[in-house]
Amino acid sequence: MKNDSTSNFTNTGGLTRRQFGTAAAAVGALTAFGRAPAFAQGTTLKVGVLLPRSGHLAQAGQACQRGADIAPAVLGELGHKVEILLADTESNVDVARSRAEKLINDGANVIVGAFDSGQTAAAAQVCEQRGVPLVMNIAAADRLTEQGYKTVFRNFPTSTMLVTNGLALMKDLFAATGTTPKSAVFLHANDTFGMANKQALDALFPKLDMPFTILESISYDPKAQDLAVEVAKAKATGADLAIVTTRANDAIMMVREMVKQRWEPKGIVSPGSPGLYDEQFYKVLGKYADFAMTNLPWYDPKAELTKRVEAAFKKQYPNDRFEGYAFNVAFTLEAILVAADAFKRAGSADPATLLTALRQTNLKDKMMVGPAITFDEKGQNTQLISACVQNRNQRPTVVLPKGSAEMEPVFPAPGWSKRA
């Protein structure tokens, strides 16, 4: 792992509700002490990339980092000059806060990060106090753009958006396959992201006229050594469908236990969480990774930027599959692109000028499916859409909507003993 430092050519470098609001009183008019440092004007944007490169979220953080690793070369081809400063949150909220401070003190004009909602919230407090823009790469808790902050921008769905789009796609799945489950159980991590998804599911489910009932919600610690008890409890409900909110490590533990306990629901579907499509999930589980589904925003394989990113990824990581990293790479690189685009239009790294340019973003040349990247008055991109991505032949494969599908969806999934 590289040290946290800078280079022009290479990259170096669950909050509670009470914690979420601790900085509220400090936010507002910036004092001279809290103001961002005066930046020297130049043609290169210094981007502080804050990610969990170690700790229990390390796999995802390191996947996101690959997007930052290739960003200078890819964006350079598009006329942007960026210098990447990397910092490791160690999958810890307090460390995320201190590392965000350090990145700003080291000269970062903008912060990008931090994958996890709790750690992103900590960074957001720092950025708001210092007057430095934060462009979130991946973080879904609704509250991140509901605090009244003026320095946060999110090109990623909220938990409400993820769950709404994810449940709608489930209806499409049932219609396309002619199979509708009668009941479901919801298994979710008890971190900030998992609890935000549960809150969204609890609020939205009664309004969306879903064709099944949720028998039980079962939470677990994502740092647990195994999920035997939780899977046994889920199996005992007799639910037809497993709805999950996971990360890679706990998704692997969950499926291993399902195989071990011979629990075979009609399918495993996530309304927008990571884990089921991550490369580590395929490497560890092999054939047992197949047929799981995730409903989430996905990259457009036909987009020009996707082709550039895929080529750069294969050049730098010739032994790795782009598909298994693409989601994390794409959203991280797009977050850096959002900042670089604003810097180019602003012609300055002055915080106030850069913030104004970010609010005026209308970025059409991007990777992810959907319309141009724009932000509402809260800093949220509300135009993101989702696709149904099913693991097929140990590869994330778009199966819905039909116009974008690479294969037909399979539901119900074959039993564990019937996998080729």
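Residues numbered from 1 in each chain as written. Predicted model: local features only at pLDDT ≥ 70, side-chain atom pairs only at ≥ 80, totals over all residues. Heavy atoms only, no water.

Brief notes about the overall build of the chain
Piece 1. From N to C terminus, the chain includes 12 helices and 13 strands.
Piece 2. For 420 residues, the compact-globule formula gives about 22 Å, and the C-alpha radius of gyration of the chain, at 21 Å, lands near that figure.
Piece 3. With the principal axes as the frame, the chain shows a C-alpha extent of 60 × 45 × 35 Å.
Piece 4. Taken over 420 residues, the chain has a buried fraction of 59%.
Piece 5. Here the chain has roughly 16,500 Å² of accessible surface; of this, 50% comes from carbon and sulfur atoms.
Piece 6. Within the chain, one finds 46 positive and 41 negative side-chain charges whose respective centroids are separated by 1 Å. (Helix = DSSP H or I, 4+ residues; strand = E, 2+ residues; numbered from the N terminus. Rg over C-alpha atoms; globule rule 2.2 N^0.38 Å. Buried < 20%, exposed > 50% of the residue type's maximum accessible area, 1.4 Å probe, protein only. Areas by Shrake-Rupley, 256 points an atom, 1.4 Å probe, with all protein chains shown as cover. Lys, Arg positive; Asp, Glu negative; His and termini not counted. Charge placed at Lys NZ, Arg CZ, Asp CG, Glu CD.)

Some details on the confidence of the model for the chain
Piece 1. Looking at the chain as a whole, its pLDDT mean stands at 90, while 90% of the residues score no less than 70.
Piece 2. Here residues 1-41 scores under 50 on pLDDT; set against residues more than four positions off or in separate chains, the count is 95 contacts. (pLDDT = per-residue confidence, 0-100. Contact = heavy atoms within 4.5 Å.)

Some details on the side chain of Asp-250
Piece 1. Within the secondary structure layout, Asp-250 lies in helix 8 (residues 248-260).
Piece 2. Buried within the structure, Asp-250 lacks any salt-bridge partner; its nearest side chain of opposite charge belongs to Arg-247, at an N-O separation of 6.1 Å.
Piece 3. Setting aside residues no more than four positions away along its own chain, Asp-250 makes contact with Tyr-220, Pro-222, Leu-227 and Thr-245. (Salt bridge = Lys/Arg side-chain N within 4 Å of Asp/Glu carboxyl O.)

A look at unusual backbone geometry
Piece 1. Residue Leu-400 is joined to Pro-401 through a cis peptide bond whose omega torsion reads 0°.
Piece 2. Relative to the assigned elements, Pro-401 resides in the segment after strand 13 (396-400).
Piece 3. Even without a glycine there, the phi angle at Asn-393 is positive, about 55°.

Quick look at the pairing of strand 3 (residues 82-88)
Piece 1. Burial of strand 3 is extensive: seven of the seven residues sit out of reach of the surface.
Piece 2. Burial along strand 3 is two-sided: Val-82, Ile-84, Leu-86 and Asp-88 facing one way and Glu-83, Leu-85 and Ala-87 facing the other are all buried.
Piece 3. Here seven bridges tie strand 2 (residues 45-51) to strand 3, and the two strands are oriented parallel to one another. Looking at the pairing, Leu-51 lines up with Asp-88 of strand 3.
Piece 4. Handedness of the crossover joining strand 2 and strand 3 through helix 2 (residues 58-77) is recorded here as right-handed. (Pairing = 2+ DSSP bridges. Right-handed = clockwise from strand over helix to strand, strands pointing away.)

Details of the packing of helix 11 (residues 326-346) against helix 12 (residues 351-359)
Piece 1. The contact between helix 11 and helix 12 brings their axes to 8 Å, and the two run at 115°. Judged by the angle between their axes, helix 11 and helix 12 are roughly perpendicular. Crossing of helix 11 against helix 12: the hand is right-handed. Between helix 11, through Val-338, Ala-339, Ala-342, Phe-343, Arg-345 and Ala-346, and helix 12, the contact on the second element is made entirely by Thr-353, Leu-354, Ala-357 and Leu-358. (Axes fitted to C-alpha atoms, helices over the stretch in contact; angles between N-to-C directions. Parallel < 35°, antiparallel > 145°, perpendicular 65-115°, else oblique. Left-handed = near helix turned anticlockwise from the far one by under 90°.)

Considerations on the packing of aromatic side chains
Piece 1. With the rule as written, the count across this model stands at 17 aromatic pairs.
Piece 2. Ring geometry for Trp-298 versus Tyr-299: centroids 5.4 Å apart, planes at 35°, classification tilted. The residues Trp-298 and Tyr-299 share a single accessibility class, namely buried.
Piece 3. Relative to Phe-327, the ring of Trp-298 has its centre 6.1 Å away and its plane inclined at 20°; by these criteria the two rings are stacked. Here Trp-298 is found in the loop between strand 11 (293-296) and helix 10 (304-316), whereas its partner Phe-327 is found in helix 11, with 29 residues between them in sequence.
Piece 4. Taking the relative accessible area as the measure of exposure, Trp-298 reaches 3% and is therefore buried.
Piece 5. Judged by relative accessible area, Phe-327 falls into the buried class, the value being 3%.
Piece 6. Here the aromatic residues Phe-156, Tyr-277, Trp-298, Tyr-299, Phe-313, Tyr-317, Phe-322, Tyr-325, Phe-327 and Phe-331 are joined through ring pairs into a cluster of three or more. (Phe/Tyr/Trp six-rings, centres within 6.5 Å; stacked < 30°, edge-to-face > 60°.)

Some thoughts on the pattern of salt bridges
Piece 1. The tally for this structure, following the rule as stated, stands at 19 salt bridges.
Piece 2. Salt-bridge contacts for Asp-240 lead to Lys-266; the nearest nitrogen and oxygen are separated by 3.9 Å. Of this pair, Asp-240 sits in the loop between helix 7 (228-236) and strand 9 (241-245) while Lys-266 sits in the loop between helix 8 and strand 10 (267-270), placing them 26 residues apart in sequence.
Piece 3. The class for Asp-240 is buried, based on a relative accessible area of 18%.
Piece 4. Taking the shortest distance from any N to any O, the salt bridge between Lys-314 and Glu-310 comes out at 3.3 Å.

So, the packing of helix 5 (residues 159-177) against helix 6 (residues 192-204)
Piece 1. Between helix 5 and helix 6, the least distance of the axes is 9 Å, while the angle of their chain directions is 55°. Accordingly, the angle class assigned to the pair helix 5 and helix 6 is oblique. In terms of crossing hand, the pair formed by helix 5 and helix 6 is right-handed. Contact residues: helix 5 offers Ser-159, Thr-160, Leu-162, Val-163, Thr-164 and Leu-167, while helix 6 offers Phe-193, Ala-196, Asn-197, Ala-200, Leu-201 and Leu-204.
Piece 2. Looking at the contact of helix 5 with helix 6, its residues break down into eight nonpolar, four polar and no charged. (Nonpolar A, V, L, I, M, F, W, Y, C, P; charged D, E, K, R; others polar.)

Topic: the sheet that holds strand 11
Piece 1. Across the sheet, seven strands lie side by side as 8-7-9-10-11-12-13; this open sheet has mixed pairing. Across the chains shown, the open sheet's two edge strands, defined by having one partner strand only, are strand 8 (213-220) and strand 13. Adjacent strand axes in the sheet meet at a mean angle of 25°, parallel and antiparallel pairs treated alike.
Piece 2. Across seven bridges, strand 7 (residues 183-189) lies against strand 8 in parallel orientation. Pairing of Ser-183 across the sheet is with Thr-213, part of strand 8.

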